[in-house]
Amino acid sequence: SAVISQKPSRDICQRGTSLTIQCQVDSQVTMMFWYRQQPGQSLTLIATANQGSEATYESGFVIDKFPISRPNLTFSTLTVSNMSPEDSSIYLCSVENTGASTDTQYFGPGTRLTVL
Amino acid sequence: SQKIEQNSEALNIQEGKTATLTCNYTNYSPAYLQWYRQDPGRGPVFLLLIRENEKEKRKERLKVTFDTTLKQSLFHITASQPADSATYLCAFHGSGNTGKLIFGQGTTLQVKP
């Protein structure tokens, strides 16, 4: 299993500012995923982050708005840039369960972001 | 587009009863479905996975079925307990991309003592 921590656990930010969320895993993993969960909604994949390459973004998400870093195999950051109230959401990182034969995932506890 | 739907209404049941949650999907034939549990303020936790060639999968008090004809998975919790109260999410992998999970919106289960 993998233990994932995220910082901060929650934050309240002003419109127009940026917030960087950190995700730390207790083991080396190839792929890390960033999800958004808006209030009352399902999880939506923002991007996939592989170490040593540019993140792959899903439709509707762009690098300028959600830049991602993946400096090593245990760490990633997601920045929410130029925030608006619509960015208020829970942001979660996850990693694959590489010990299994199928692609289940372990999730971090999430970062609850409120934009005023 | 690939879509996965769960009952958005909360499910309220009495302790000891069996809870049944439904997951329907359209425009896709996933090789397997996954079920996760999410507690408030926490990330989802993997519970069970069922493959398309499996009709049923069990784990302790949990049972999952997978009907590829109906395009539906049912998630059962038998002898439910208040500690089972949580939101339950189903998910499958979208076509072509390893690791990309498509989630339903989740169903909140409340088990009353």
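Reference entry: report on the structure contained in this document. Each chain carries its own residue numbering, running from 1 in the written order of its sequence. Both sets of labels track the order of writing: A upward for chains, 1 upward for ligands. Under the rules for a predicted model, residues below a pLDDT of 70 receive no local features and side-chain atom pairs below 80 are neither given nor counted, while totals for whole chains, interfaces and linings still include all residues. The side-chain quantities take in all heavy atoms of the structure and omit both hydrogens and water.

## As for the overall build of chain A
- Helix numbers and strand numbers start at the N terminus; a helix is a DSSP run of H or I with at least 4 residues, a strand a run of E with at least 2. Secondary structure summary: chain A contains zero helices and 11 strands in total.
- In this treatment the radius of gyration is a C-alpha quantity, and the globule benchmark scales as 2.2 Å times the residue count to the 0.38 power. Taking 2.2 N^0.38 as the reference for a compact globule, 116 residues should give roughly 13 Å; the C-alpha atoms of chain A span a radius of gyration of 13 Å, in line with that estimate.
- Taken along its principal axes, the extent of the C-alpha atoms in chain A is 40 × 30 × 25 Å.
- To sort residues, take the accessible area from a 1.4 Å probe on protein chains only and compare it with the maximum for the residue type: under 20% means buried, over 50% means exposed, and anything in between is partly exposed. With 116 residues in all, chain A has 52% of them scored as buried.
- In chain A, once contacts between residues fewer than 6 apart in sequence are set aside, the share between residues at least 24 apart is 53%.
- In short, Shrake-Rupley with a 1.4 Å probe defines the accessible areas, and a residue's cover is counted only from the protein chains shown. Accessible area for chain A stands at about 5500 Å²; split by element, carbon and sulfur atoms hold 47% of it.
- Charged residues are defined here as Lys and Arg on the positive side and Asp and Glu on the negative side; His and the ends of the chain fall outside this count. The location of each charge is read from NZ of Lys, CZ of Arg, CG of Asp or CD of Glu. Computed over 7 positive and 9 negative side-chain charges, the separation of the two mean positions in chain A equals 10 Å. Between two residues, a contact is recorded if the distance between any of their heavy atoms is within 4.5 Å.

## Digging into the environment of S59 of chain A
All names here are of chain A.
- The topology assignment puts S59 in the loop between β6 (56-57) and β7 (68-72).
- On the basis of relative accessibility, which here comes to 75%, the residue S59 falls in the exposed class.
- Taking the C-alpha atoms as reference points, S59 and A47, 12 residues apart in sequence, are found 9.2 Å from one another.

## Some points on the interface of chain A and chain B
- Listed per partner, the contact involves 19 residues of chain A and 20 residues of chain B.
- What counts as buried area is the accessible surface, traced by a 1.4 Å probe, that two parts surrender upon association, with contributions from both included. Of the roughly 1500 Å² buried between chain A and chain B, counting both surfaces, carbon and sulfur atoms make up 54%.
- Within this document, salt bridges are pairs made up of a side-chain nitrogen of Lys or Arg and a carboxyl oxygen of Asp or Glu, the two lying within 4 Å of each other. Where chain A meets chain B, there are zero salt bridges.
- Between N or O atoms, a polar contact is any pair within 3.5 Å; within protein, one atom must be a potential hydrogen donor and the other a potential acceptor, and residues adjacent in sequence are included only when both atoms are from side chains. There are two residue pairs in polar contact (both at pLDDT 80 or more) connecting chain A and chain B.
- Contributions of two or more residues to the side of chain A that touches chain B are made by β4 (31-37), β5 (43-50), β9 (89-96) and β10 (105-107) of chain A.
- With four residues, the top contributor of residues to the side of chain A that touches chain B is β4 of chain A.

## Quick look at the pattern of salt bridges
All names here are of chain B.
- Within this structure, the stated rule accounts for six salt bridges over all chains.
- Between E56 and R58 there is a salt bridge, with its nearest N and O atoms 2.8 Å apart.
- We classify E56 as partly exposed; its relative accessible area is 39%.
- A salt bridge links D84 to R61; its shortest N-O distance comes to 2.9 Å. Taken together, the positions of D84 in the loop between β8 (72-77) and β9 (86-93) and R61 in the loop between β6 (56-59) and β7 (62-67) put the pair 23 residues apart, joining distant regions of the chain.

## Some details on the state of the cysteines
- When two cysteine sulfur atoms are found within 2.5 Å, that pair is recorded as a disulfide. Enumeration according to the criterion identifies two disulfides over all chains in this entry.
- There is a disulfide in this structure between C23 of chain A and C93 of chain A, and the S-S distance comes to 1.9 Å. The sign of the 75° torsion about the S-S bond sets the C23 of chain A-C93 of chain A disulfide as right-handed. Residue C23 of chain A is found in strand β3 (residues 19-25), and its partner C93 of chain A is found in strand β9; the two are separated by 70 residues along the sequence.
- Overall, the relative accessible area of 0% leaves C93 of chain A in the buried class.
- Covalent S-S linkage joins C23 of chain B and C90 of chain B, the inter-sulfur distance amounting to 2.0 Å. Its S-S torsion of about 75° marks the bond between C23 of chain B and C90 of chain B as right-handed, since a negative value means left-handed. Of this pair, C23 of chain B sits in strand β3 (residues 19-26) while C90 of chain B sits in strand β9, placing them 67 residues apart in sequence. Each member of the pair C23 of chain B and C90 of chain B is classed as buried.

## Focus on the pairing of β3 of chain B
Residues and elements named next belong to chain B.
- When DSSP finds two or more bridges between two strands, those strands count as paired. Alignment of strand β1 (residues 3-6) against β3, held across four bridges, turns out to be antiparallel. Within the sheet, the bridge partner assigned to E5 lies in β3 and is N24.
- Note that β3 and β8 share six bridges and pair antiparallel. Paired with T22 across the bridge in β8 is L74.

## Side note on the side chain of S84 of chain A
Residues and elements named next belong to chain A.
- Relative to the elements of secondary structure, S84 occurs in the loop between β8 (75-80) and β9.
- Reaching out from S84, the side chain makes a polar contact with the side chain of E86 at a distance of 2.9 Å.
- The contact partners of S84, leaving out residues within four places of it in the chain, are R15, K65 and V115.

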